[in-house]
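Observations on the model geometry
Listed below are the residues making up each chain.
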Amino acid sequence: MNQISLAIRKLSENKVESFSQQLKQADGYKLVGRCKSIAELRTIRPTMHGQRILVDAYYEGGSTGSGEFMADLQDMTTPDDGGACIVVDGDNSGRWKRICDKWYPEHFGAYADGVSDDTQYIRRVINYASSVHLSPVNYLITEEIELNKSQKVKGDLNSVITQSTFGRGIFKVNSHNCSIDGISFICAEAKRKLSESLGNRINGEVLRARASAIYVCSGVDGLYVDNCEIMNFINGVFFEGGADLRWRTNIPRIYNKNTFTLDEQDQENDGYWSDSI
């Protein structure tokens, strides 16, 4: 019995030592079902199809972008989009797919601190999901973001998108039946440069359309805007090809529920809508 006990004890010790050594490997966290970041997730090769793992945060030590992922060993083609699909490094070694029913820019790497540029991360989530939610934070962007499919972008009334580049808008709507709700739009540089642009007719003709919080392309209908505050932009909503091209300012501008919906007749008659309520 003593020999049997010693053998069992030795076997257990060997397993513990082996497990300890495996934990020290680059992909060791897969053994406990979690990892520290998306960057680390890219180093963890799934051992079976359907395997699940938890990610603590998008960036190691951060507090956003966490979530659950499932291994897909059958998909060999979907590219790494930085949020919904994470491709394991080396020789097409598998993919981790995020399990999620509400998509946020933070899932794709947005810092959401009002300082770092979140343009590419908001574009990523909008390109992936038809319905996007915004956290009650300030997202800083430097470029215009295009809505090129039927899209819903919903904030929680405390969500802010700040455009740091004067002369550029927030959203360019290039598809029917888009919805924008519960967001404050701010142009950070407008207070300093608004009078300069208004005084220059040549530049003003260009900026009139581009310095709009929401730019609506010609032919688009079914736009719905609700509970949005727009500050420091030359135009609130600019309708491309509109008949009424007059300068107006909107500091601030609030769209309340059912203030307007855009159809072809509205677009033809109104041009762009940026006067105060």
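Figured I'd write up the structure that's included with this text. Here the structure is a predicted model, which means the values were calculated and not measured. (Residues numbered from 1 in each chain as written. Predicted model: local features only at pLDDT ≥ 70, side-chain atom pairs only at ≥ 80, totals over all residues. Heavy atoms only, no water.)

Here we come to the sheet that holds strand 5 (residues 95–99). Spatial strand order, 1-2-3-5-4: five strands in an open sheet with mixed pairing. Both edges of this open sheet fall to strand 1 (34–35) and strand 4 (85–87), since each of them pairs with a single strand only. Where strand 1 and strand 2 (residues 52–55) come together, two bridges link them in parallel fashion. The partner of Arg34 across the bridge, within strand 2, is Leu54. (Pairing = 2+ DSSP bridges. Helix = DSSP H or I, 4+ residues; strand = E, 2+ residues; numbered from the N terminus.)

What follows covers the sheet that holds strand 10 (residues 171–173). Ordered by their spatial adjacency, four strands build an open sheet running 8-10-12-15, and the pairing between neighbours is parallel. Of all the strands in the sheet, just strand 8 (145–147) and strand 15 (235–239) have a single pairing partner and so form its edges. Adjacent strand axes in the sheet meet at a mean angle of 20°, parallel and antiparallel pairs treated alike. Examined bridge by bridge, strand 8 and strand 10 share three bridges and lie parallel to one another. Directly across from Ile145, in strand 10, lies its bridge partner Phe171. (Axes fitted to C-alpha atoms, helices over the stretch in contact; angles between N-to-C directions.)

Keep in mind these values describe shape, not function.
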